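Spelled out, the chains give:
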Amino acid sequence: MNLSTLLDKVREYNPTADLTTVQRAYEFSAAVHRGQKRKSGEPFLVHPLEVANLIADLRLDVPSVATGLLHDTVEDTLATLGQVESLFGGEIAALVDGVSKIGQINFKSRAESQAENFRKMIMAMARDIRVILIKLADRTHNMRTLSHLPPERQMEIAQETLDIYAPLAHRLGIYWIKSELEDNALRYMHPEIYYQLKRNVAKKRAEREQYIEHVRGVLAKKLEEAGLEAAVTGRPKHFYSIYQKMQSQQLLYDQIYDLVAFRLLVDSTRECYEALGVVHQNWKPVPGRFRDYIAMPKANMYQSLHTTVIGPFGERMEVQIRTLEMHRVAEAGIAAHWRYKGQNQTDSQQEIERFAWLRQLLHWQQHLEDPQEFLRSIKEDLFDEEVFAFTPKGDLFNFPAGATVIDFAYRIHSQVGEHCAGARVNGKLVPLKYQLQSGDTVEIITTTRQTPSKDWLKIVTTTRAKERIRNWIKGQQRRRSLEIGAELLDRDLRRYRQELPKLRKSGDLARVAHELGFKDEESLVAAIGYGRLPSQQVLGRLVPDSTAEERKERSEGTLQKLFRMVGRQGRGGVQVSGIDDVMVRFGRCCNPLPGERITGFITRGRGVTVHAVDCLRVMESDPQRRVEVAWDDAAGHFRPVQVEVTAVDAPGLLAAMSKAISSAGVNISSAEAHTGIDKKVVNVFEVMVDGVGGLNRVMRGLGKVKGVLKVQRLRA
């Protein structure tokens with residue numbers, strides 16, 4: 001790639017473009033990056049040039065292409081944003097600032113940093129959607145050159161790409177970027193599976209191309225006989241989509257038949273349905289595999305008809321039917337709607353308002369204070385599959401796959417969700433855990449006696465429902481804590497002939513609340529009820545000084561006393577809020593390892609239970625009882641962890657896997673295996689590791705063993 005090729009590409013789709021801006025951006029980038037090298041050893045300028053090329057592939061405007069050339073200048077060189085603005089104007093400077101700001105701020109923990117980066121990304125999207133398009137181009141080229149980074153960093157970036165960037169590309173409708181990001185992420189996260197798939201696909205290449213050409217000819221002939229003109233193409237499916245199917249259906253590669261998808265492009269919507277009739281008339285459709293995204297477009301404006309039929313030679317064949325305009329949107333997503341002239345803030349806002357999901361993300365970033373909660377909300381909402389359900393009046397709502405009638409109830413109104421006792425789906429009574437299917441008509445049944453429970457959090461999928469349920473539970477917990485706190489404080493005050501109502505009326509309780517750092521007396525009483533603040537600490541500021549000695553003795557009933565009561569036991573390599581004599585247990589639900597981010601939860605009478613910060617059990621727990629914990633780096637403790645390995649049933653494989661674990665410098669505590677009827681064997685090894693690094697060494701070693709299909713860590 002060179003500047004001349006880039007300029008030709010922009011000129012091809014935008015003949016009136018001012019290419020001098022691109023030329024000057026290239027010269028400025030070359031000057032400030034002079035002498036810098038990438039990890040691969042090639043000049044750093046190669047990266048911005050390739051990013052600009054990808055932006056041109058998206059057919060974006062000149063400021064976007066120029067930003068691709070300049071996006072690293074402020075972050076990685078001595079150039080300033082003021083220089084960029086003086087040389088290229090405010091629009092390009094704002095784009096460069098929007099892209100380069102992501103990842104610049106340092107936070108207390110990596111989790112907060114990551115969550116805050118995505119907050120900034122979403123706010124940047126709200127200001128100008130081009131920022132995320134440029135960021136996607138940047139990530140796409142980084143994934144193409146990921147091989148030059150250390151293995152741990154490769155895994156980290158690949159996982160982030162799968163969690164955030166590929167779903168974003170999907171949501172924005174840019175499927176070629178989505179597919180490339182997913183395939184490259186698979187390459188680094190599961191190299192043994194990726195290269196096995198690559199070998200299998202290459203082996204059957206000639207056979208597949210012959211099949212595509214034959215079916216393409218048959219399809220074209222059948223459509224021509226029906227009086228329809230259509231462009232017919234066929235393509236092999238992407239590696240990641242094949243891998244997903246193997247995983248979800250527990251299949252081997254040779255057991256997957258619909259490895260090829262065919263696409264029909266026609267002139268009008270009417271012809272789409274006529275072409276569908278021709279396909280179904282000649283080949284038997286597979287039940288449950290038809291999707292009409294023309295009548296019900298996806299949230300990213302994608303429109304197409306999808307069907308799977310039993311095609312020639314008795315093999316399954318996926319067919320997509322769309323118009324040329326629909327295809328343009330499907331390939332370029334929101335970039336297909338970009339206008340090169342007269343672009344202004346109002347127009348940009350109108351484009352953004354096409355995406356209800358983006359408005360929802362903006363709402364969450366304003367209201368969710370917990371970084372982990374915000375990050376989880378993003379991941380949950382960037383789902384690939386959607387279902388569509390109707391109200392009895394015919395209003396249409398879309399949900400992520402797996403959504404239940406409770407999600408539906410909360411979509412209607414929070415109060416409907418809180419009192420949801422059941423539902424009628426298509427006229428039949430269903431339980432609360434019923435998962436919605438596309439086309440369902442849902443009538444919610446409510447009763448004032450019904451209220452949310454923690455169990456609901458296990459079956460709902462939408463962030464809206466989870467947020468409302470958690471808020472209701474927290475409100476109930478606070479009300480209960482206020483009752484308990486008032487009862488405890490009033491009981492202790494009566495021993496000193498004091499009364500809580502009088503102290504409230506005199507303002508003494510409000511004064512003590514202020515002295516102890518609470519915003520009001522209600523927060524102080526709730527803290528006593530939660531167990532975070534001993535009532536004796538409040539008494540010390542309220543009762544006469546003559547009882548000071550008694551108060552001192554009674555003050556041992558604090559949180560410190562709770563810790564001491566459980567004994568001076570081993571901490572398992574964990575420090576709890578600087579306290580040395582507290583019993584520590586590890587949550588079986590998540591079984592955290594040294595190196596993972598952790599948090600503690602006070603269990604009355606049993607010390608502190610340590611969980612991973614993203615453990616669902618912690619997310620659902622009382623936040624007032626969480627304490628800060630940290631790994632003791634000098635402790636050198638080993639933790640047990642279970643690893644499940646799915647492999648083909650072959651002689652000597654167990655010995656090879658045991659050798660791989662030993663080679664990683666890790667001991668095996670126990671092992672068990674069982675063979676299924678599909679010629680696969682599932683092995684579960686319990687190994688003792690010193691942290692995440694040790695576990696990663698074991699999993700990489702096992703993944704390289706010939707015959708191993710899948711390696712995963714088991715959690716309760």
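Residues numbered from 1 in each chain as written. Predicted model: local features only at pLDDT ≥ 70, side-chain atom pairs only at ≥ 80, totals over all residues. Heavy atoms only, no water.

A. Region of interest: the state of the cysteines. In this structure the tally under the stated criterion is 0 disulfides. A disulfide-free cysteine, Cys589 has its sulfur positioned 3.5 Å from the sulfur of Cys615, the nearest such atom. What makes Cys589 buried here is its relative accessible area of 14%. (Disulfide = S-S within 2.5 Å. Buried < 20%, exposed > 50% of the residue type's maximum accessible area, 1.4 Å probe, protein only.)

B. Representation of the packing of aromatic side chains. In this structure the tally under the stated criterion is 11 aromatic pairs. Seen from their ring centres, Phe28 and Phe88 are 5.9 Å apart, and the 75° between their planes marks the pair as edge-to-face. Of this pair, Phe28 sits in helix α2 (residues 19–32) while Phe88 sits in helix α6 (residues 81–88); the two residues are 60 residues apart in sequence, bridging distant segments of the chain. Through pairs of rings, three or more aromatic residues link up here, namely Tyr175, Tyr293 and Tyr302. Arg411 extends its terminal NZ or CZ atom over the ring of Phe399, reaching a point 4.5 Å from the ring centre. We note Arg639 situated over the ring of Phe586; from NZ or CZ to the ring centre the distance is 3.7 Å. (Phe/Tyr/Trp six-rings, centres within 6.5 Å; stacked < 30°, edge-to-face > 60°. Helix = DSSP H or I, 4+ residues; strand = E, 2+ residues; numbered from the N terminus. Lys NZ or Arg CZ within 6 Å of the ring centre and 35° of its normal.)

C. Spotlight on the pairing of strand β2 (residues 260–266). In terms of residue burial, β2 counts as a mostly covered element, since 7 of its 7 residues are buried. Residues Val260, Phe262, Leu264 and Val266 line one face of β2 and the alternating positions Ala261, Arg263 and Leu265 line the opposite face, and both faces are buried. In terms of strand pairing, strand β1 (residues 231–236) meets β2 through 6 bridges, oriented antiparallel. Counted as the bridge partner of Ala231 is Leu265 from β2. (Pairing = 2+ DSSP bridges.)

D. The arrangement of the sheet that holds strand β19 (residues 667–675) in detail. Reading across from one edge, β19-β20-β18-β21 is the order of the 4 strands in this open sheet, with antiparallel pairing throughout. Edge positions in the sheet fall to β19 and β21 (708–714), since each of these pairs with one other strand and no more. The mean inter-strand angle of the sheet, taken between neighbouring strand axes irrespective of direction, is 20°. Here helix α30 (residues 653–663) sits on the sheet in contact with β18 (639–648), β19, β20 (680–689) and β21, set at roughly 25° to β20. Running over the sheet, helix α31 (residues 692–703) touches β18, β20 and β21 and is turned about 160° from β21. (Axes fitted to C-alpha atoms, helices over the stretch in contact; angles between N-to-C directions. Contact = heavy atoms within 4.5 Å.)

E. Layout of unusual backbone geometry. Located in the positive-phi region is Arg59, a residue other than glycine, with phi close to 60°. Here Arg59 shows up in the loop between α3 (46–57) and α4 (62–70). We classify Arg59 as partly exposed; its relative accessible area is 45%. For Asn426, which is not a glycine, the phi torsion comes out positive at approximately 55°. With respect to the helices and strands, the residue Asn426 is situated in the loop between β9 (420–425) and β10 (428–430). Assessed through its relative accessible area of 48%, Asn426 is described here as partly exposed.

F. The arrangement of the nonpolar core in detail. Residues Leu6, Val10, Val22, Val65, Leu70, Val84 and Leu197 are the most contacted members of the largest nonpolar core, which totals 65 residues. Broken down by element, the residue count for this core peaks at 8 residues, all from helix α10 (residues 151–171). Not counting residues up to four positions away in its chain, the partners in contact with Val22 are Leu3, Leu6, Leu7, Val62, Val65 and Leu69. Core analysis: the next-biggest nonpolar cluster, separate from the first, contains 24 residues, Leu223, Leu276, Trp283 and Val319 among them. (Core = buried A, V, L, I, M, F, W, Y, C linked by side-chain atoms within 4.5 Å.)

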